[in-house]
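This is what each chain is made of:
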Amino acid sequence: MWSSNGGGGGVGVVGNGPSPEHILHSVPPIVATEMQQLIDEMRLQDFDSIRFATYRAACKLRFIQQKTKVHLVDIWNMIEAFRENGLNALPLHTVIKTSRAELLLTTVFHNLNKRLVASQHVDTDVSISLLLAFLLGAYDKQNTGRLTVFSIKVALATLCAGKLVDKLRYIFSQIADSNGLMDHIKFTDFLQQVLSLTTAVFEAPTFGFSESAVTQCFHKDDKVSLNVFLDTFLSDPCPPCIMWLPLLHRMAAVSNVYHPVVCDACQVRSFTGFRYKCQRCANYQLCQSCFWRGRTSQNHSNEHEMKEYSSYKSPAKQLVHSIHKSLQCIPASSSGDANIDILNTTGVPIGKPTRPLNLNNIVPATPTTIRRQHAATSSSDWPTSPVLLPGQASHGGVIDDEHKLIARYAAKLSGRADYPLSNGRSMNSSMIEDERTLIAQLEEENSMMVREMARLESQTTSDDGLAGLRDRKMELEEKMFEMQQRRRELMMQLEHLMAQLNTGPQPTGGVSSASLSQLPFASDQQLTGVNSNVANAFRAGSLPATSLQGDLLHAADQITTNMSDLVRQLDLAQAEDNGVTINGF
């Protein structure tokens with residue numbers, strides 16, 4: 001909740017911290033270009049116009065996260081990179097060279113690219129150079145080109161992705177003593193290192209390190225365990241010097257939250273991030289950029305109280321939620337009205353005890369369970385009724401003989417509604433015989449079903465074979481009909497040719513090519529079915545007349561042979577059809 005005094009983050013002014021030029025002079029020349037690039041791009045984002053120092057510092061550090069791509073690496077992968085490069089074996093205040101810090105960052109971003117798909121790979125050289133420049137600008141004030149192990153661990157653990165509670169647990173493991181309690185000297189060093197990040201983004205006036213910042217968190221005589229440490233930094237509100245840290249993680253969580261509403265200041269139709277709603281103006285909402293920078297419209301004023309939203313609910317869901325809350329707040333009855341019971345949050349009257357549900361009719365109970373239930377409920381305040389097995393008639397009380405209960409339960413399972421109320425071994429023996437008879441009947445029915453299934457499978461197979469044979473028979477019959485037609489045509493042609501040869505004059509020297517070319521049925525298209533013998537016989541000037549009759553007779557023999565083969569195939573197909581039919585039926 002926000003009010004006119006800027007609660008929730010404090011209002012800070014800009015320009016009292018170290019200037020960008022001063023930071024650049026304290027950075028080694030090899031990384032001055034990258035640091036200048038970060039500062040110039042950060043100025044273009046206009047973060048200095050944000051009214052609240054907490055949001056201003058968080059926005060700047062969020063920009064550093066996204067620019068260096070360190071927000072894609074979670075805390076556990078960062079800790080693994082520390083272990084791979086041997087930083088866990090070094091004391092916290094060990095000073096390492098820039099080359100070793102660069103090797104650590106190379107491991108971090110190369111392992112990141114291994115986890116990402118090819119289309120999402122980051123430019124490792126750019127990310128390494130920018131992040132290394134920022135670390136040197138934040139911690140290497142003396143221009144030595146060296147960094148402490150503790151400063152690197154604190155900076156990368158703070159800027160990487162992951163849950164805040166996991167990061168705080170890791171930090172506590174670095175500053176705790178052998179007894180599991182926080183070392184106050186190491187905590188002071190940690191606070192100095194983590195506040196150097198806000199100093200590097202020119203927020204030292206509000207979030208710079210001082211002795212008062214240490215006392216805001218813990219007193220020197222306090223014995224701080226892990227739970228106390230977590231409760232202090234995760235409380236609301238947390239210590240003022242560190243308020244930007246939980247806000248940084250909240251901003252990362254809402255960076256992709258979509259709000260389909262119109263900002264009343266900039267008139268953008270939808271936006272992401274935080275959403276702010278005025279508690280005095282009717283349905284007046286602002287995006288995070290307009291609220292942080294104090295942009296207003298209409299009759300709204302920055303003095304009005306605003307509420308921050310990190311998610312969006314449709315008006316229909318809000319209405320249902322309001323109705324549900326109102327139904328849970330029904331006022332209590334007056335002392336004079338004794339017929340109205342007070343409802344609890346579940347809608348059940350609390351003036352009388354609630355009778356438990358009886359599920360005996362849903363799941364059949366065993367005899368042992370029935371006796372236990374009857375013994376447990378016999379002394380209760382509720383009137384008990386005889387507990388019966390499914391299908392059993394009431395006889396005025398609970399039956400104590402367990403053998404009778406078993407017998408009646410078995411009778412129910414065997415399908416008989418009633419069972420004789422006799423006593424003794426005869427009832428048990430008859431029950432066993434009935435069960436054996438029932439088992440035999442079930443086995444017989446099962447065997448019958450198996451035989452029926454086998455018969456159906458064989459019938460299905462035979463039906464498929466018969467269908468194939470019928471198709472083959474139809475094809476052969478069609479082929480036979482076509483060959484019979486062709487045989488008739490060829491025989492008519494042969495008879496006509498033989499008649500012309502017998503009635504015409506017999507030449508002595510040979511057949512005239514002109515007369516042969518004028519004979520009917522002498523074309524190749526009409527004589528193609530006689531294996532080309534007749535066609536060759538009547539082709540002009542091809543054969544002597546003396547061999548013409550022999551060629552015609554040879555062609556007729558071939559036609560007869562082909563017809564015999566066709567009839568033989570038809571007979572074979574007919575025999576196979578009859579054999580399958582007899583076996584199938």
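Everything that follows concerns the structure shown earlier in this document.
None of the values given here were measured: they were computed from a predicted structure. (Residues numbered from 1 in each chain as written. Predicted model: local features only at pLDDT ≥ 70, side-chain atom pairs only at ≥ 80, totals over all residues. Heavy atoms only, no water.)

Is there a simple way to explain the pattern of salt bridges in this structure?
Any two side chains of opposite charge can pair, on the condition that their charged atoms come close. Across all of its chains, the model carries nine salt bridges by this definition. Of the charged contacts, one joins Asp48 and Lys60 as a salt bridge, the two residues approaching to 2.8 Å between their closest N and O atoms. Placement of the pair is Asp48 in the loop between helix 2 (29-44) and helix 3 (53-68) and Lys60 in helix 3, with a sequence separation of twelve residues. By relative accessible area, which is 39% here, Asp48 ends up partly exposed. With a shortest N-O distance of 2.0 Å, Glu308 and Arg250 are connected by a salt bridge. You can see Glu308 sitting in strand 7 (residues 306-309) and its partner Arg250 sitting in helix 13 (residues 244-253), a full 58 residues away along the chain. By relative accessible area, Arg250 is classed as partly exposed at 37%. Taken together, the salt bridges that share partners define one network made up of Asp48, Arg56, Lys60 and Glu203. (Salt bridge = Lys/Arg side-chain N within 4 Å of Asp/Glu carboxyl O. Helix = DSSP H or I, 4+ residues; strand = E, 2+ residues; numbered from the N terminus. Buried < 20%, exposed > 50% of the residue type's maximum accessible area, 1.4 Å probe, protein only.)

Which parts of the structure should I look at to understand unusual backbone geometry?
The bulk of non-glycine residues show a negative phi, and the bulk of peptide bonds are trans. That bond from Asp236 to Pro237 is cis: its omega, 5°, falls within 30 degrees of zero. Although it is not a glycine, Phe202 sits at a positive phi angle of roughly 65°. Structurally, Phe202 is set in the loop between helix 9 (184-200) and helix 10 (204-207). Look at Phe202 and you get buried, because its relative accessible area is 16%. Despite not being glycine, Asn283 has its phi angle at roughly 50°, a positive value. For Asn283, the position within the fold is in the loop between strand 5 (275-278) and strand 6 (285-287).

Help me out: how do you make sense of the packing of aromatic side chains in this one?
The geometry of an aromatic ring pair comes down to the distance between the two centres and the angle between the two planes. A full pass over the atoms with the stated rule returns 16 aromatic pairs. Summarising the aromatic geometry, the rings of Phe229 and Phe233 are spaced 4.7 Å apart at their centres and angled 45° between planes, so their arrangement reads as tilted. Of the two residues, Phe229 and Phe233 are both situated in helix 12 (residues 226-234); the distance of four residues between them amounts to about one turn of the helix. The exposure class of Phe233 is buried, given its relative accessible area of 3%. Of note, Arg51 hangs over the ring of Phe291, and the distance from its end group to the ring centre comes to 5.4 Å. In this structure, Arg275 is placed above the aromatic ring of Tyr309, and the distance from its NZ or CZ to the ring centre is 4.6 Å. (Phe/Tyr/Trp six-rings, centres within 6.5 Å; stacked < 30°, edge-to-face > 60°. Lys NZ or Arg CZ within 6 Å of the ring centre and 35° of its normal.)

Would you mind showing me how to read the nonpolar core here?
Grouped burial of nonpolar side chains is what soluble globular proteins tend to show. Core analysis: the biggest nonpolar cluster contains 102 residues, and Phe134, Phe187, Leu191, Phe229 and Trp292 have the highest contact counts within it. Residue-level mapping places this core at the junction of two domains, with at least three residues from each of domain 1 (29-254) and domain 2 (258-314). Setting aside its immediate chain neighbours within four residues, Phe229 contacts Leu168, Ile171, Phe172, Ile175, Met182, Phe187, Phe218 and Val224. (Core = buried A, V, L, I, M, F, W, Y, C linked by side-chain atoms within 4.5 Å. Domains from an automatic or database assignment. Contact = heavy atoms within 4.5 Å.)

Where do I start with the packing of helix 6 (residues 124-139) against helix 9 in this structure?
Axes are the key here: two packed helices are described by the angle between their axes and the distance separating the axes. Contact pair helix 6 / helix 9: the axes reach a minimum separation of 9 Å and the direction vectors enclose 105°. Of the possible angle classes, the one that applies to helix 6 and helix 9 is roughly perpendicular. Judged by residue contacts, Phe134, Ala138 and Tyr139 of helix 6 engage Gln193, Ser196, Leu197 and Ala200 from helix 9. Counted by class, the contact of helix 6 with helix 9 contains five nonpolar, two polar and no charged residues. (Axes fitted to C-alpha atoms, helices over the stretch in contact; angles between N-to-C directions. Parallel < 35°, antiparallel > 145°, perpendicular 65-115°, else oblique. Nonpolar A, V, L, I, M, F, W, Y, C, P; charged D, E, K, R; others polar.)

Please explain the packing of helix 3 against helix 13 as it appears in this structure.
For the pair helix 3 and helix 13, interaxial distance at closest approach is 9 Å and the crossing angle is 55°. Judged by the angle between their axes, helix 3 and helix 13 are oblique. The two elements helix 3 and helix 13 meet at a crossing, and its hand is right-handed. Only Trp244, Leu247, Leu248, Arg250, Met251 and Ala252 of helix 13 make contact with helix 3, whose side of the interface consists of Thr54, Tyr55, Ala57, Ala58, Cys59, Leu61, Arg62 and Gln65. Residue composition of the contact of helix 3 with helix 13, grouped by class: ten nonpolar, two polar and two charged. (Left-handed = near helix turned anticlockwise from the far one by under 90°.)

Explanation requested: helix 7 (residues 149-159) in the structure shown.
It helps to recall that an α-helix has 3.6 residues per turn; residues three or four apart then point in one direction. Counting buried positions along helix 7 yields eleven of eleven residues, so the element is predominantly enclosed. Within the sequence span of helix 7, burial applies to Val149, Phe150, Ser151, Ile152, Lys153, Val154, Ala155, Leu156, Ala157, Thr158 and Leu159.

Sorry, what's going on with the environment of Glu211 here?
For Glu211, the position within the fold is in helix 11 (residues 211-217). Sequence separation between Glu211 and Gln192 is 19 residues, and the spatial gap between their C-alpha atoms is 9.8 Å.

Help me out: how do you make sense of the state of the cysteines in this one?
As used here, a disulfide is simply a covalent bond connecting the sulfur atoms of two cysteines. If you walk through the whole model with that rule in mind, you get zero disulfides. Looking at the unpaired Cys238, the closest cysteine sulfur is the one in Cys241, lying at 8.0 Å. Taking relative accessible area as the criterion, Cys238 reaches 9% and is therefore assigned buried. (Disulfide = S-S within 2.5 Å.)

Looking at this structure, how should I read the pairing of strand 5?
Two faces, one strand: in a regular strand the side chains alternate between the faces of the sheet. Sheet analysis places strand 5 next to strand 6, joined by three bridges and oriented antiparallel. Each bridged residue has a counterpart across the sheet, and for Lys277 the counterpart in strand 6 is Gln285. The loop that links strand 5 with its antiparallel partner strand 6 comprises six residues; one of these, Asn283, has a positive phi angle of about 50°. Note: strand 5 against strand 7, four bridges, orientation antiparallel. Bridge assignment links Cys278 to a residue of strand 7, and that residue is Met306. (Pairing = 2+ DSSP bridges.)

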